[in-house]
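This is what each chain is made of:
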Amino acid sequence: MTEYGRGPGSEPWHPEDPLYGDGGWGGQAPAGGPSTYGGQGQYHPQQPHHPQQHPQQSQYDDWSTGQQQAYGQQQYDGTGAHQQYDGTGAQQQYNGGWDTGRQGQVPYGGDPVDPYGGQPGGYAGESADYYGTPDAYPPPEPPHRRRPAPEPEPDWDPGPDQGEHAFFSGADDDDDEYDDEPGRKGGRGDRRGGRGGKKPKKRRSGCACLVVTLVFAGGLGGVGYFGYQFYQDRFGTSPDYAGEGTGTATVDIPKGSGGYVIGQKLKDAGVVKSVDAFVSAQAQNPKGESIQAGVYVLKKEMSAKSAVELMLSPKSRNNLIIPEGRRNSWVYAQIDTRLGLDKGTTAGIAKKEWKSLGIPDWANTNKDIKDPLEGFLYPSSYPVAKGQKPEAVLKKMVAQASEKYDELGLKSKADALQLDDPLQVLTVASLVQAEGMTHDDFKKMAAVVYNRLKTSNTVTNQKLEFDSTYNYLKGQSEIDIPISKIRSDPDPYNTYYHKGLPPGPIGNPGDEALKATVDPDDGGWMFFISVDQKKTQFTKTLAEHEKLVAEFNERQRNGD
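Criteria and thresholds
Residues numbered from 1 in each chain as written. Predicted model: local features only at pLDDT ≥ 70, side-chain atom pairs only at ≥ 80, totals over all residues. Heavy atoms only, no water. Salt bridge = Lys/Arg side-chain N within 4 Å of Asp/Glu carboxyl O. Helix = DSSP H or I, 4+ residues; strand = E, 2+ residues; numbered from the N terminus. Buried < 20%, exposed > 50% of the residue type's maximum accessible area, 1.4 Å probe, protein only. Contact = heavy atoms within 4.5 Å. Expected span 1.5 Å × (residues − 1). Axes fitted to C-alpha atoms, helices over the stretch in contact; angles between N-to-C directions. Parallel < 35°, antiparallel > 145°, perpendicular 65-115°, else oblique. Left-handed = near helix turned anticlockwise from the far one by under 90°. Nonpolar A, V, L, I, M, F, W, Y, C, P; charged D, E, K, R; others polar. Core = buried A, V, L, I, M, F, W, Y, C linked by side-chain atoms within 4.5 Å. Phe/Tyr/Trp six-rings, centres within 6.5 Å; stacked < 30°, edge-to-face > 60°. Lys NZ or Arg CZ within 6 Å of the ring centre and 35° of its normal.

A. The arrangement of the pattern of salt bridges in detail. The tally for this structure, following the rule as stated, stands at nine salt bridges. With a shortest N-O distance of 3.4 Å, Glu 465 and Arg 487 are connected by a salt bridge. Residue Glu 465 is found in the loop between α13 (439–453) and α14 (467–474), and its partner Arg 487 is found in the loop between α15 (483–486) and α16 (511–518); the two are separated by 22 residues along the sequence. We classify Arg 487 as partly exposed; its relative accessible area is 38%. Its salt-bridge partner being Lys 474, residue Asp 489 comes within 3.4 Å of it at the nearest N-O pair. Of the two residues, Asp 489 is situated in the loop between α15 and α16 and Lys 474 in helix α14; the sequence distance between them amounts to 15 residues. The buried category is assigned to Asp 489, whose relative accessible area is 14%. Within this structure, Lys 404, Glu 407, Asp 511 and Lys 515 form a network of salt bridges that share partners.

Now the structure itself:
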């Protein structure tokens, strides 16, 4: 006898160790015999169950039952062998001692005839029932149904000696097809550890190895490729064509473009093979940095050296150059020719779409203006080649003019010159450009315009009387115009008929004419005459002017 009472004196069973000990299963009584659970019979569904009378007094000759009965109350007579019931089955008392765990246990709620199963403990200090709750420990099982405890899975690769990953071992979900196959020896329970249910070995998958090999090969290939590119960019020779090239390619080089921008344009057009080859060739040519913006007619698949040399030659340039003083009608015709368009195409687009071409808000302020773009196609060099749109070319010209007029400050100059708006300043500049010939002529001609516009002018009565305005409205460039004819035309642009300035510019003035307009000569000039179409003479009085006119007419009669 041990200190716990009578019995073999086995070790107490710990509730967290469901597999501890199996002596209780060895001494289990057959169904219907005396129960090892405190004298209580076991329930067997296959046999009819007959209620048993529970004796009020039970001999505790075996402490290894593993069952704690749920009795209402318990009294002790000093031996710990007497029990009493209150008939409710709601309370349970213990006479002390540890359950040895040597016997198996039927879950408390599993026996339908056990009135005391699954009941909570009788005292608050007792431990919880580990078999009657949702989070219960699994009850002990017979030795033949026990499974070995699962080995802990390491969080590192165990290596080939310790096992393989399922991906490389070929294990997958294909083994599920054996789960419900009829006639197969062993079911799920067998394959989980029972007898005759060993899981068949899977053959390794070559596909997994192939995937890994391809991944490694792709990585090595990528590293090699980018390494080669890096070497070529830093130390290798840039790809380049050989020879002078063939065919034709038109390239538009924007203003302010550097070597890399030009090289990229040429590469996109198929002229050179690489940008670096062009930049290198441009640096090696002493005049390479002098390549200007514009349209170039080159050849396809040229060597970079040949491309640089051709761009430096005037033969490759295809720019449209607008001289100072040209009217818009001349510019429109040139654009049609360069773009291979029908005559009048550009003029029609200008008349229809002038509002969308970027002219400033102070332009076209007079309802009698014949062409809203007159004076805004700034004299310069513009890239014009087949494939371009007329509106694109016009936009570049208008943008150039607007930029120049902002630099000169035409808005601020209008008030200083006693003019209504910047458009009148531009109109004066167009008159100066049309009538003058040299820089000195421009400053004196501007003075003539401002002096004739003054209210104190009693000689011409604020009429300019410029032949250039009459020629503009007629679309001509005549020198000897009959006075009777010119004074009888009431067109708003005829300054022989109307006082003041014409409705708008009569041409596109250049830089010198514009500067002279905003900074005129202060010599008080009122009259001028071109003696030989090369030199202009200016006078301040009508008498001086009439004398020069008589001399001019005499030379005309003599054929000089």
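Picking up after the structure, the text goes on.
B. Local environment of the environment of Ala 293. For Ala 293, the position within the fold is in the loop between α6 (275–284) and β2 (294–300). The class of Ala 293 is partly exposed, set by a relative accessible area of 28%. Residues Ala 293 and Arg 317, 24 residues apart in the sequence, show an inter-C-alpha distance of 9.7 Å. Ignoring sequence-local partners within four residues, the contact set of Ala 293 consists of Ile 253, Pro 254, Lys 255, Arg 317 and Asn 319.

C. Highlighting helix α10 (residues 390–408). For α10, built from 19 residues, the straight-helix expectation of 27 Å at 1.5 Å per residue is met to within 8% by its first-to-last C-alpha distance of 28 Å. Looking at α10, one finds that the buried residues are Pro 390, Val 393, Leu 394, Met 397, Val 398, Ala 401, Ser 402, Lys 404, Tyr 405 and Leu 408.

D. Representation of the packing of α13 against α16 in the model. With their axes 8 Å apart at the nearest point, α13 and α16 run at an angle of 45° to one another. Overall, the two elements α13 and α16 adopt an arrangement that is oblique. Crossing angle aside, the handedness with which α13 passes α16 is right-handed. Between α13, through His 439, Phe 442, Lys 443, Ala 446 and Tyr 450, and α16, the contact on the second element is made entirely by Glu 512, Ala 513, Ala 516 and Thr 517. Of the residues contributing to the contact of α13 with α16, the split by class is five nonpolar, two polar and two charged.

E. Representation of the nonpolar core. Formed by 62 residues in total, the largest nonpolar core has its most connected members in Ile 335, Leu 373, Phe 376, Met 397, Tyr 405 and Phe 466. Of all the secondary structure elements, the ones that give two or more residues to this core are α8 (328–339), α10, α11 (410–416), α12 (422–435), α13, α14 and α16. Beyond its immediate chain neighbours, meaning those up to four positions away, Leu 373 contacts Asn 328, Tyr 332, Ala 350, Trp 354, Leu 357, Ile 359, Val 398 and Asn 508. Grouped together as the second largest cluster of nonpolar side chains are 19 residues, Ala 249, Val 271, Val 272 and Phe 278 included.

F. Geometry of the packing of aromatic side chains. One pass over the full model with this rule turns up seven aromatic pairs. A ring pair is formed by Phe 376 and Tyr 405, whose centres lie 6.0 Å apart and whose planes are at 70°; its orientation type is edge-to-face. Here Tyr 405 lies in helix α10 and Phe 376 lies in the loop between α9 (345–353) and β4 (381–383), a separation of 29 residues in the sequence. According to the relative accessible area criterion, Tyr 405 is buried, its value standing at 2%. Ring centres 6.1 Å apart and planes at 40° place the aromatic pair Phe 528 and Phe 538 in the tilted group. Residue Phe 528 is located in strand β5 (residues 527–530), and its partner Phe 538 is located in strand β6 (residues 536–539); the two are separated by 10 residues in the primary sequence. A relative accessible area of 16% places Phe 528 in the buried class. Residue Phe 538 is classed as buried on the basis of its relative accessible area of 12%. Three or more aromatic residues link up through ring pairs in this structure, and these residues are Trp 362, Phe 376, Tyr 378 and Tyr 405. Here Arg 326 stacks its cationic end above the ring of Trp 330, 4.7 Å away from the centre of that ring. The ring centre of Trp 525 lies 5.0 Å from the NZ or CZ of Lys 540, which sits over that ring.

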